[in-house]
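Chain by chain, the residues run as shown.
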Amino acid sequence: MKYVRFRDPAGAVRRGEYENGTVHFATESYDLESDEIDVLPPSEPSKIVCIGKNYAKHAAELDSEVPDRPMLFLKPPNTLAAHGDTVTLPAGKDRIDHEAELGVVIGEQCRHVSEADAMDVVAGFTCVNDLSNRDDQRQEQNWIRGKAFDGAAPMGPVLANPDEVPEDAAVRTRVNGELKQDGSRENLIFPIPELIAEITTYLTLEPGDVIATGTPEGVGPLADGDEIEIEVEGVGTLEHSVRIP
């Protein structure tokens, strides 16, 4: 089963079941792409925990070593953007990249979770675009300017049950219809249970928090007006555009 958070025509926030392009809530049905509803991010996270260099080929394209433990950084709630949004990128930058990622949405408050129990705290999977301002990322250690600008984490459009997403699920980016990234979940250096165990060793995850599991090779720069599609096999496709003032 897949679910969509949305704002209905009356302005109420709802959670509906999604099937074949249609969102169902109670006796009402809406087309996902209809102007009748506003599609919202699939959860309201207190934080997004992101994993850097979790694909070997991505580390290589950055001319970096593969980390010996998960490389963690945070995106705050201001970075959220939704399916169908136009994200305004920081002006005056030479390079802001797309990064397709499988997002793990947490279903319950948790701390010190073992790898064996990790999937028990997962509500579902979604698509994430970890938009990255490389100009400033290269100049700072905490990556606030590089990773935490407004709208830097488009997410959605649905929340899929984990059993609907294959162990070798494809993770892809298309920009203006052209395939840019084409990786697989099975190539994660640190798999999801290990990520959850490592993260919860240090901090409490809350219901709705998201883990962005890392991006495959093929990241690249975006231009004003670009249309981006982030696809995770078994989840669906997150679509948004960008503008550069």
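Residues numbered from 1 in each chain as written. Predicted model: local features only at pLDDT ≥ 70, side-chain atom pairs only at ≥ 80, totals over all residues. Heavy atoms only, no water.

Student: Can you walk me through the sheet that holds strand β10 (residues 96-98) in this structure?
Tutor: Strand pairing in a sheet relies on backbone hydrogen bonds, with the paired strands running either antiparallel or parallel. Reading across the sheet, the three strands line up as β13-β10-β18 and stay open at both edges, with antiparallel pairing between neighbours. A strand with exactly one partner marks an edge of an open sheet, and here the two such strands are β13 (132-133) and β18 (220-221). The pairing of β10 with β13 spans two bridges and is antiparallel. Bridging across to β13, D97 finds its partner in S132. (Pairing = 2+ DSSP bridges. Helix = DSSP H or I, 4+ residues; strand = E, 2+ residues; numbered from the N terminus.)

Student: Mind showing me how you'd approach the pairing of strand β3 (residues 22-25) here?
Tutor: Both faces of the sheet carry side chains from a regular strand, because those side chains alternate between them. Bridge analysis of strand β2 (residues 13-19) against β3 gives three bridges, and the strand direction is antiparallel. For E19, the partnering residue across the bridge sits in β3 and is T22. Hairpin geometry of β2 and β3 is characterised by an intervening segment of two residues between the two adjacent antiparallel strands and by a positive phi of about 50° at N20. Pairing analysis gives four bridges linking β3 to strand β4 (residues 28-31), with the strands arranged antiparallel. Residue pairing for β4: V23 is matched across the bridge by Y30. Connecting β3 to the antiparallel partner β4 that follows it, the hairpin turn spans two residues, and A26 within it adopts a positive phi of roughly 55°.

Student: What am I meant to see in the sheet that holds strand β9 (residues 86-88) here?
Tutor: Pairing is mixed in the open sheet, where five strands are placed in the order β9-β20-β19-β15-β16. Both outer strands of the open sheet, β9 and β16 (178-184), are each paired with one neighbouring strand and no more. The average angle at which neighbouring strand axes cross in this sheet is 25°, direction not considered. (Axes fitted to C-alpha atoms, helices over the stretch in contact; angles between N-to-C directions.)

Student: Looking at this structure, how should I read the layout of surface pockets?
Tutor: Any empty space left between atoms is shown by rolling a water-sized probe over those atoms. Put simply, the largest pocket is a space of about 330 Å³. Every element with two or more residues in the lining of the largest pocket is listed here: β6 (48-52), α1 (56-61), β7 (71-75) and α2 (134-137). Among the residues making up the lining of the largest pocket, the classes are represented as six nonpolar, five polar and 10 charged. (1 Å grid on protein atoms, 1.4 Å probe; cavity = no way out; pocket = protein on both sides within 12 Å on 5 of 7 lines; lining within 4 Å. Points joined across faces, edges and corners; volume = space filled by probe spheres on them. Nonpolar A, V, L, I, M, F, W, Y, C, P; charged D, E, K, R; others polar.)

Student: It is not clear to me how the side chain of D209 should be interpreted in this structure. Could you clarify?
Tutor: Tracing the chain through its elements places D209 in the loop between α4 (192-202) and β17 (210-212). For D209, a relative accessible area of 0% corresponds to the buried category. Within polar-contact distance, the side chain of D209 engages the side chain of S46 at 2.7 Å. (Buried < 20%, exposed > 50% of the residue type's maximum accessible area, 1.4 Å probe, protein only. Polar contact = N/O pair within 3.5 Å; in protein donor to acceptor, adjacent residues only side chain to side chain.)

Student: Any chance you could explain the pattern of salt bridges here in plain terms?
Tutor: Opposite charge on two side chains makes pairing possible when the charged atoms of those side chains draw close. Following the criterion strictly, the structure yields 17 salt bridges and no others. Here R5 ties to E44 by a salt bridge, and the two come within 3.7 Å at their closest N and O atoms. One end of the pair, R5, is in strand β1 (residues 2-7); the other, E44, is in the loop between β5 (38-39) and β6, and 39 residues separate them in sequence. Assessed through its relative accessible area of 14%, R5 is described here as buried. Overall, E44 belongs to the exposed group, its relative accessible area being 64%. Among the ionic pairs, D130 bridges to K75, the shortest N-O distance being 2.6 Å. Linking D130 in the loop between β12 (122-129) and β13 with K75 in strand β7, this pair joins segments that are 55 residues apart in sequence. Of the two residues, D130 and K75, both sit in the buried class. (Salt bridge = Lys/Arg side-chain N within 4 Å of Asp/Glu carboxyl O.)

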